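Below are the chains, spelled out letter by letter.
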Amino acid sequence: MTTPTPETPAPSDFIREIIADDIKTGKHSRIVTRFPPEPNGYLHIGHAKAICIDFGTALEFSGECHLRMDDTNPAKETMEYVESIKNDVHWLGFDWGPHFYFSADYFERMVECACELIRKGKAYVCELTSEQWKDYRGIPTLPGKESPFRNRSADESLSLFAKMRAGEFPDGTLCVRAKIDMASPNLHMRDPVIYRIMRAAHYRTGDKWCIYPTYDYAHPLEDAFEGITHSLCTLEFEVHRPLYDWVLEQLAIAKRPRQIEFARLNITYTVLSKRKLLELVRDGYVKGWDDPRMPTLAGLRRRGYTPSAIRSFCQRVGVTKFDSFTDIALLEFCIREELNQTAPRFMAVLDPVKVVIENYPEEKVDWFDAVNNPEDPAAGTHRVPFSRELYIERADFREDSPKKYYRLAPGKEVRLRYGYFITCTGFTRDEATGQITEIRCTYDPATGGGNAPDGRKVKGTIHWVSAKHAVPAEVRIYDRLFNVEHPDDVPEGVDYKTNINPDSLKIGQALLEPELAALPRGTRCQFERKGYFMVDPLDSTPAHPVFNQIVPLKDSWAKAGTPQP
RNA sequence: UGCCGGAUGGUGUAAUGGUAGCACAGCAGAUUCUGAAUCUGCUUGUCUAGGUUCGAAUCCUAGUCCGGCAACCA
C-alpha cells in the first residue's frame, strides 16, 4: 500500500487507541481494515472521512486496507459506480494493492454458511410476507411473536432454501431468517431476514442468482473471509453490532473482526446523503456528479480541490462518536492554506471597466516582471505587458471616497500592481444606466514596476490588464449550493430543495493577462486579490479558456460591510 | 412510556483524578506592491443537581437534552 505524505504528525483518537492496544496486548500482530462502499452512487466528502480513517489507520499501523464493493443489492448497483469509486479512492491518495474485492464473489460461501446456520437450528425459511411480518415483529416497547415457520425442521428449511435458489418461488415470497430472539429489545435481533428472493440482474454475477443476502448477514462474513481485524463504520450501525457478532459466533469463526463505529461527517451549507445527491443530479439541479458545486469527490476535483487539502480537512475534523456539524469554512481554509503555498499568481479582471492613461504614449508597451508566488521565491517571475488603455475591476473605483477606502477615486493615487502609480483625473458615465464607462488617469513615469523613487507610499494596490493584450475567458464563480446552514433542517412537508441557492453558479467573462490564458487544463492558480481558480479540465480550450473558481480569497474589506461609506 | 449511543466556547476537537488546550470562525492591532498571506493580542466553554476526593470535564447517583433504531436498503 502506498501512502500520501502525512500532513501532520499522526493524530490519535479512540479508534487508534483501541488498535494500538490490540497490538500491544498481542491480540493482533497485524491489522486489516476495509472500506466497503455500496456502488450505488458517487463518493462524497463524507466517504473521504471514512477512507482516511480506514486506509489511514491501516497505514499508520503498517497493516492493510481492502477496498470492497458491498454489492448485495443488485437493484441499485452499477459498474459505472464501481469505476468511479476506484478512481476517487485512488485520487484521494490511497492504494488497496491487490486487495480489491466484491461481496458478490462471496455469494457461494455465504450460502454455505446459511445452510450451516439452518442445520444448527439457527436459521429457517419463513413464508410470512413482509406485510404479515410487521405484526410478528412487534414494536420497540413490546415483544414480537414467533413466526409459525420458526420451528420447522432443518431439512425442510434446507430443501426450501435450495428451491428458493433454484428460482421456484416468486420475488418476496419466502425468505431465510436468523433464529434469534423475538422478544429482544433490539429490533434487529428479532429474527432478521438474511436471504431474500430478488430477480434482478447483478452487474457482476448477471442472472446467476435470484437470492441475495442482506447486509446484516453478509457484512460480518465478508469481513471474516478477508481477515479484517477492525471493521470501522458509522454510528447508525451501532445497533446492528449484536447481530454482526451473533453471525460470527454461530458460525464459530475463530478470528473475529471487531466492529467499531464513529460519527459520520456533516458539513454546513451542504447535503451528504446519497439519495439527495442522486436527486440533484438526476433532476438537473446540477450538471452531473462532477458538478463543481457538488460535495462529491468528483465535484471537488473538478472544482479544483486537491487530495491533500481534503485529507488535511478530514484530519482536522477528527474522529469521535459525537454527531457533529463541521463548518464548511474549515474545508475552505484547508484548500486556501495549500494553494497559498503552491498556486502561481496572475492578474485577471472579472468585472472590467476601462482606464485610459492620458499621459502614456499611444503605441508604447512596457513589460514588467511579476512575482509568480511570494510564498515561494523559487517559482520565479513572469512578464506582464502595460499599455495606455487598461481594464481594472469595476469595484476598485468609486466616485466618492469614504474613510478607510484606498482604491481608485477622483484625485486619488493608487498603485497598479507591478506597474505604475496612477492618479484619477476624471471619469465618464452613461447617463442612461448610471454605469461608469471610462476612467481617466495620469501615471507617474518614475514609478515603473510599482516603486516610487521618492519613497512615497500609496495605500492601495489594484490589479489590472492591458486592454490590447487582454485575453477573454469564461469564469465560473461557484458559491455554496444551499443558502442555509442546515439544508436538511426543514419543517414537516417542506423539501430541502427549497434551500437551494439560486446563485450557486455565476458565469462571467473575464479579461486575463496573456500568460494566464496559456495555462494548461487542470492548472490551479490565484487571480490576485480575487481567489483561487483552476483551468477547467474538460471545457477549457486555448481558443476559449474556462476557469473555475475554487475558493475566493478572504476579503476583510467586503466583510467590513463596505459598499456603504 | 423500549433499546443503543452521545453531551467541553459560535463550530470541530484535546485534556484518561492534578494549571481546561489546539484549530476554524469572529474581533482588534502590527505588517504588507494581493484589504490575501504572515505576526500579536482578545472575546467565548466542561448539560443540570447532588455525592466521592486534598483536588472532578474525567469517578458515583439522579435528572435534562440531542442523535440513531420498527426495508426482504446499506
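Every chain is numbered independently, its residues counted from 1 as its sequence is written. Each chain takes a letter, starting from A, and each ligand takes a number, starting from 1, following the order in which they are written. Only residues with pLDDT of 70 or above have their local features reported here, since the model is predicted, and side-chain atom pairs are shown and tallied only from 80 upward, although totals for entire chains, interfaces and linings are computed over all residues. Calculated side-chain values reflect all of the structure's heavy atoms, with hydrogen atoms and water omitted.

Visitor: Sorry, what's going on with the sheet that holds strand E7 (residues 211–213) here?
Guide: Adjacent strands of a sheet form backbone hydrogen bonds with each other and so pair up, either parallel or antiparallel. Strand order across the open sheet formed by 4 strands is E4-E5-E6-E7, with antiparallel pairing between neighbours. The open sheet has two free edges, formed respectively by strand E4 (123–126) and E7, since each of these has just one partner strand. Pairs of neighbouring strands in the sheet enclose a mean axial angle of 20°, with direction left out of account. When DSSP finds two or more bridges between a pair of strands, those strands are recorded as paired. Each helix is a run of DSSP H or I of at least 4 residues and each strand a run of E of at least 2, with the numbering of both proceeding from the N terminus. Summarising the sheet, strand E6 (residues 193–197) and E7 pair through 3 bridges and their orientation is antiparallel. Looking at E7, one finds that Ile 197 is bridged to Ile 211. By the convention used here, residues are in contact when the closest approach between their heavy atoms is within 4.5 Å. Orientation is described by axes fitted as lines to C-alpha atoms, over the contacting stretch for helices, and by angles from 0 to 180 degrees between their N-to-C directions. Helix-sheet contacts for helix H6 (residues 154–166) involve E4, strand E5 (175–178), E6 and E7, and the interaxial angle to E4 is about 60°.

Visitor: Would you mind showing me how to read the environment of Leu 243 here?
Guide: Mapped onto the secondary structure, Leu 243 falls in helix H8 (residues 241–250). Accessible area is worked out with a 1.4 Å probe on protein chains only. A residue is then buried under 20% of its type maximum, exposed over 50%, and partly exposed in between. A relative accessible area of 2% means that Leu 243 is categorised as buried. Along the primary structure Leu 243 and Pro 220 are separated by 23 residues, whereas in three dimensions their C-alpha atoms are 8.9 Å apart. In this structure, Leu 243 is in contact with Ile 180, His 188, Met 189, Pro 192 and Asp 216, ignoring residues within four places of it in sequence.

Visitor: Help me out: how do you make sense of the protein's contact with RNA strand B in this one?
Guide: Lining the immediate surroundings of RNA strand B are 67 residues, of which Glu 17, Arg 137, Arg 407, Arg 415 and Gly 449 lie closest. We call a residue near a molecule or strand whenever a single non-hydrogen atom of that residue lies within 4 Å of it. Each atom of RNA strand B within 4 Å of the protein belongs either to a base or to sugar and phosphate, the latter forming 64%. Any pair of nitrogen or oxygen atoms within 3.5 Å is treated as a polar contact; in protein, a donor-acceptor pairing is required on top of that, and neighbouring residues in sequence qualify only through side-chain atoms on both sides. Side-chain polar atom of Glu 17 to a base oxygen of RNA strand B: 2.3 Å apart, as the coordinates give it. Within the residue set of the surface near RNA strand B, elements represented by two or more residues are helix H5 (130–137), E6, helix H11 (307–317), helix H12 (328–342) and helix H14 (556–559). Looking at the surface near RNA strand B, its residues break down into 24 nonpolar, 19 polar and 24 charged. Residues are sorted three ways: Asp, Glu, Lys and Arg are charged, Ala, Val, Leu, Ile, Met, Phe, Trp, Tyr, Cys and Pro are nonpolar, and all the rest, Gly among them, are polar.

Visitor: Would you mind showing me how to read the domain arrangement of chain A here?
Guide: Many descriptions give the size of an interface as the accessible area lost when the pieces come together. As assigned here, chain A comprises domain 1 (107–216), domain 2 (266–342 + 472–512 + 519–565) and domain 3 (347–470). On a C-alpha basis, the centroid separation for the pair domain 2 and domain 3 is 30 Å. With 19 residues of domain 2 at the contact, the number on the domain 3 side is 26 residues. Note on definitions: buried area is the accessible-area loss of two parts on being combined, 1.4 Å probe, summed for both. Taking both sides of the interface into account, the surface hidden between domain 2 and domain 3 amounts to around 1800 Å²; carbon and sulfur atoms contribute 54%. Area buried by domain 2 at its contact with domain 3 is led by Leu 511, Glu 528 and Arg 529, which between them contribute 38% of it. What makes a salt bridge here is a side-chain nitrogen of Lys or Arg within 4 Å of a carboxyl oxygen of Asp or Glu, nothing more. Counting the contacts that link domain 2 with domain 3 gives 2 salt bridges. One salt bridge in this structure joins Arg 529 and Asp 396, with 2.3 Å as the shortest N-O distance. The tally of links between domain 2 and domain 3 comes to 5 residue pairs in polar contact (both at pLDDT 80 or more). Per element, the largest residue contribution to the side of domain 2 that touches domain 3 is 4 residues, and it comes from strand E22 (residues 505–512). Along the lines of polarity and charge, the residues of the side of domain 2 that touches domain 3 split into 11 nonpolar, 5 polar and 3 charged. An automatic or database domain assignment provides the domain bounds reported here.

Visitor: Would you mind showing me how to read the nonpolar core here?
Guide: Considering soluble globular proteins, one finds that nonpolar side chains tend to be buried as a cluster. Core analysis: the biggest nonpolar cluster contains 94 residues, and Val 89, Phe 161, Tyr 195, Tyr 217 and Ile 310 have the highest contact counts within it. Split by domain, the residues of this core number at least three in each of domain 1 (107–216) and domain 2 (266–342 + 472–512 + 519–565). Setting aside residues no more than four positions away along its own chain, Ile 310 makes contact with Ile 45, Ala 48, Trp 91, Leu 92, Leu 297, Leu 300 and Tyr 305. To qualify as a nonpolar core, a set must consist of buried Ala, Val, Leu, Ile, Met, Phe, Trp, Tyr and Cys residues joined through side-chain atoms within 4.5 Å. Of all hydrophobic cores here, the second largest spans 25 residues; its members include Val 353, Ile 357, Phe 397 and Ile 462.

Visitor: Teacher, can you tell me more about the pattern of salt bridges here?
Guide: Tallied over the entire structure, the rule returns 50 salt bridges. Close ionic contact of Arg 204 with Asp 105 constitutes a salt bridge, the shortest N to O distance being 2.8 Å. Taken as a pair, Arg 204 in the loop between E6 and E7 and Asp 105 in the loop between strand E3 (100–102) and helix H4 (107–119) lie far apart in primary sequence, 99 residues in all. One network of salt bridges, in which partners are shared, links Asp 290, Arg 302, Glu 474, Arg 476, Asp 536 and Asp 539.

Visitor: I tried to follow the packing of aromatic side chains on my own but got confused; where do I start?
Guide: What characterises a pair of aromatic rings is the spacing of the ring centres plus the angle enclosed by the ring planes. In this scheme Phe, Tyr and Trp rings, the latter by its six-membered ring, pair at centre separations within 6.5 Å, and the angle between planes marks the pair as stacked below 30 degrees, edge-to-face above 60, and tilted otherwise. All told, the structure shown has 27 aromatic pairs when counted by the stated rule. Residues Tyr 106 and Phe 225 carry aromatic rings whose centres are separated by 5.5 Å and whose planes lie at 65° to one another, so their mutual orientation is edge-to-face. One end of the pair, Tyr 106, is in the loop between E3 and H4; the other, Phe 225, is in helix H7 (residues 215–225), and 119 residues separate them in sequence. The two residues Tyr 106 and Phe 225 agree in class, both being buried. Connected via pairs of aromatic rings, a cluster forms that spans Tyr 360, Phe 368, Phe 386, Tyr 420, Tyr 443 and Trp 464. Criterion for a charge above a ring: Lys NZ or Arg CZ within 6 Å of the ring centre, and within 35 degrees of the ring normal. Its end group placed over the ring of Tyr 136, Lys 145 keeps NZ or CZ at 5.0 Å from the ring centre.

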